[in-house]
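Listed below, chain by chain, are the residues.
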Number of protein chains: 2
Amino acid sequence: MPESFAVTERTRVMREANRAVYDRETIYKILDEGFVCHVGFAVEGQPYVIPTMFARVQDAIYFHGSAASRMLRGASGGLPVCVTVTLLDGLILARSVFNHSMNYRSVVALGNAALISGPEEKLEALHAFTEKLIPGRWQDARQPTEQELKATSILKLPLTEVSAKVRTGGVEDDAADYALSVWAGIIPLRMVADAPLRDERCDPAIPTPAYAARYHR
Amino acid sequence: MPESFAVTERTRVMREANRAVYDRETIYKILDEGFVCHVGFAVEGQPYVIPTMFARVQDAIYFHGSAASRMLRGASGGLPVCVTVTLLDGLILARSVFNHSMNYRSVVALGNAALISGPEEKLEALHAFTEKLIPGRWQDARQPTEQELKATSILKLPLTEVSAKVRTGGVEDDAADYALSVWAGIIPLRMVADAPLRDERCDPAIPTPAYAARYHR
């Protein structure tokens, strides 16, 4: 696989092109850190954007497809989708209102998504979802039955047309504004986990697994 | 305004309908807590989903529209969009892989978005963006100039066709699975702010404002 995604007319970042990233390693890292993706699809010209769980496996994204899969009935060749993953890293407090911004990392993947059908591929996708959220959980939990796999709608989007946009670093003010007596800086943001809450029907003799007791991203 | 949004064919929640919410107060609270929305629009059948800053003002959403506004050129009557806001509250570790889930709150708003043009309305939208992110910041920062307002593309989406989906509470396992010796529970998630980082060009004599020193959502 080439180290970067080829830029297409559809993935060329037009606005703030200096923030564009097409490097595969950076893009995969963003995808792997995100919990939720936003899947866009259109029905008779009306777009819909639905949040859902996802995981990257090699050069494809799997995502839960209950909402989008309704649209897939009768659609051969897959459903045109856009899958977007966004991570927020901080608020940028500039001296001017106009230059306020955010540090963020986002990935936009375009293409045709198709339902996967084989139980083995579904199992692989569920494994990826679970291990992505809570590494180590898969082997502890009760495995999916044949029935459950049948009831699971998962879509696959090959990662072929992909771009990212990344803002890092600090405040960027207009030259004249640096003389203003206004505090400026970054407020870093991150997602944290609080102490786990044991299900009230969970036997207290079962120890809290390390992946829950000391959960972190 | 009615207390709930009317359910339409397009906003009726089909999957897990017990999680559907149409209540205006709940929906506005989710919108006001979210930092970023995901805007979906379609170009020649291909959907695009772009993350961007937004704010609710009364019964409308304003969002930065640089990407979408390109699509608006020549489109009279506005651009069909879907604006989705998602908040993650926790991971649900069930005894079975199949019943793993997330606690979340998401809002989906459908309609036609249009560019706003008047400098007063743009100023109001920028005020809403800034005060939503950092209450108190607007009066401290240098106000937008006429030039800056001209350079700002903001779209407005009236909130008329809106639904939310909310999952709260704990683990929901199949009856037979409660006998399994598997730890089950919730890992709560939340976004936190770390200590602010002063811009290196910011005079140390300028005190860190309370909204940055003790930032919290």
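Residue positions are given per chain, counted from 1 along the sequence in the order it is written. By the order in which they are written, chains take letters starting at A while ligands take numbers starting at 1. Local features in this predicted model are restricted to residues whose pLDDT is 70 or higher, and side-chain atom pairs enter the listing and the counts only when it is 80 or higher, whereas totals over whole chains, interfaces and linings include all residues.

*Asks:* Quick question: what am I supposed to make of the overall build of chain A here?
*Replies:* The helix count covers DSSP runs of H or I at least four residues long, the strand count covers runs of E at least two residues long, and both are numbered beginning at the N terminus. Secondary structure assignment for chain A yields 6 helices and 10 strands. Viewed in the frame of its principal axes, chain A has a C-alpha envelope of about 65 × 50 × 35 Å. Exposure is read from a count of other C-beta atoms within 10 Å of each residue's own; the residue is exposed at 12 or fewer, buried at 20 or more and partly exposed in between. C-beta atoms are placed from the backbone. In chain A, which comprises 217 residues, the proportion classed as buried is 40%. Excluding contacts between residues fewer than 6 apart, the proportion of contacts in chain A whose partners are at least 24 apart in sequence is 69%. Each residue is represented by a C-beta atom placed from its backbone, and any two residues with such atoms within 7 Å are regarded as in contact.

*Asks:* What's the story with the pairing of strand β9 (residues 185-193) of chain A in this structure? I'm lost.
*Replies:* Consecutive residues of a regular strand have side chains that alternate between opposite faces of the sheet. Alignment of strand β5 (residues 79-93) of chain A against β9(A), held across 4 bridges, turns out to be antiparallel. Paired with Leu93(A) across the bridge in β9(A) is Gly185(A). Strands pair, by our definition, only if DSSP identifies at least two bridges between them. In terms of strand pairing, β9(A) meets strand β10 (residues 197-198) of chain B through 2 bridges, oriented antiparallel. Of the residues in β10(B), the one forming a bridge with Gly185(A) is Arg198(B). In this structure, β9(A) lies alongside strand β9 (residues 185-193) of chain B, joined through 5 bridges in antiparallel fashion. Its bridge partner being in β9(B), Val192(A) is matched across the sheet by Arg190(B).

*Asks:* Looking at this structure, how should I read the relation of the copies chain B and chain A?
*Replies:* Two copies of the chain are present, and they differ by a rotation about an axis and a shift along that axis. Once chain B is rotated about the relating axis by 180 degrees and shifted along it by 0.0 Å, it coincides with chain A to within an RMSD of 0.0 Å. In symmetry terms, the pair is related by a two-fold rotation axis. Within chain B, Met191(B) has its C-alpha nearest the rotation axis, a separation of 2.2 Å. Taken as a fraction of all interface residues of chain B, those also at the interface in chain A reach 97%, which identifies the copy contact as same-surface. For the least-squares superposition of copies, only C-alpha atoms count, and only for residues with pLDDT at least 70 in both.

*Asks:* Mind showing me how you'd approach the environment of Asn18(B) here?
*Replies:* Residue and element names in this part refer to chain B. Mapped onto the elements of the fold, Asn18 is located in the segment before β1 (20-21). C-beta crowding within 10 Å serves as the criterion here: with 8 such atoms nearby, Asn18 is assigned to the exposed category. Along the chain, Asn18 and Ser106 lie 88 residues apart, while their C-alpha atoms are 14 Å from each other.

*Asks:* Before we go on, may I ask you to explain the pairing of strand β5 (residues 79-93) of chain B in this structure?
*Replies:* Residues and elements named next belong to chain B. Across the 15 residues of β5, 12 count as buried, placing the element largely inside the fold. Of the pairings in the sheet, the one linking strand β2 (residues 36-43) to β5 comprises 3 bridges and is antiparallel in character. When the bridges of β5 are listed, Val39 appears paired with Val83. The pairing of β5 with strand β6 (residues 101-115) spans 13 bridges and is classified as antiparallel.

*Asks:* Honestly, the confidence of the model for chain A in this entry has me stumped. Any pointers?
*Replies:* Caution applies to low-pLDDT regions: their predicted coordinates should not be interpreted in detail. Residues and elements named next belong to chain A. What pLDDT reports is the predictor's confidence in each residue, on a scale of 0 through 100. Per-residue confidence for chain A averages 93 on the pLDDT scale, and 95% of its residues sit at or above 70. Within chain A, helix α2 (residues 66-72) has the poorest average pLDDT of any element, 65, and strand β10 (residues 197-198) the best, 98. In the predicted assembly, ipTM is 0.94 and pTM is 0.95.

*Asks:* So what exactly am I meant to see when it comes to helix α3 (residues 119-133) of chain A here?
*Replies:* For an α-helix the count is 3.6 residues per turn, leaving residues at separations of three or four pointing the same way. To estimate the expected span of a helix, count its residues, drop one, and scale the result by 1.5 Å. An ideal rise of 1.5 Å per residue puts 21 Å on 15 residues; α3(A) measures up with 21 Å between its terminal C-alpha atoms. Among all positions of α3(A), only Lys122(A), Ala125(A), Leu126(A), Phe129(A), Thr130(A) and Leu133(A) are buried. Seen from one end, α3(A) has its buried residues packed into an arc of 130 degrees, which puts them on one side. Buried residues in α3(A) make contact with β3 (46-57), β4 (60-64), α4 (137-140), α5 (146-150) and β7 (154-158) of chain A together with β5 of chain B. The arc in question is the one traced by the directions running from the helix axis out to the C-beta atoms.

*Asks:* Sorry, what's going on with the interface of chain B and chain A here?
*Replies:* Counting residues at the interface gives 78 residues for chain B, matched by 77 residues for chain A. The element contributing the most residues to the side of chain B that touches chain A is β9(B), with 9 residues. The residue classification treats Ala, Val, Leu, Ile, Met, Phe, Trp, Tyr, Cys and Pro as nonpolar and Asp, Glu, Lys and Arg as charged. All others, Gly included, are polar. Here the side of chain B that touches chain A is built from residues that sort into 49 nonpolar, 16 polar and 13 charged.

*Asks:* What is the right way to read unusual backbone geometry from this model?
*Replies:* Despite not being glycine, Glu44(A) has its phi angle at roughly 50 degrees, a positive value. Assignment of secondary structure puts Glu44(A) in the loop between β2 (36-43) and β3. Note on Glu44(A): 7 C-beta atoms within 10 Å, which makes it exposed. The phi dihedral of Gln58(B) is positive, around 50 degrees, even though this residue is not glycine. With respect to the helices and strands, the residue Gln58(B) is situated in the loop between β3 (46-57) and β4 (60-64).

*Asks:* Any chance you could explain helix α1 (residues 24-33) of chain A here in plain terms?
*Replies:* Residues and elements named next belong to chain A. Within the span of α1, buried status applies to Ile27, Ile30 and Leu31. Down the axis of α1, the smallest arc covering the buried residues is 100 degrees, so these residues share one side. α1 presents Glu25 and Asp32 as exposed residues on the side facing more than 90 degrees away from its buried surface.

*Asks:* I tried to follow the environment of Ala109(A) on my own but got confused; where do I start?
*Replies:* Residues and elements named next belong to chain A. Note on placement: Ala109 falls in strand β6 (residues 101-115). For the pair Ala109 and Arg95, spaced 14 residues apart in sequence, the C-alpha separation works out to 34 Å. Not counting the four nearest positions on each side in its chain, Ala109 is found in contact with Ile61, Val83, Leu157, Leu159, Glu161 and Val162.

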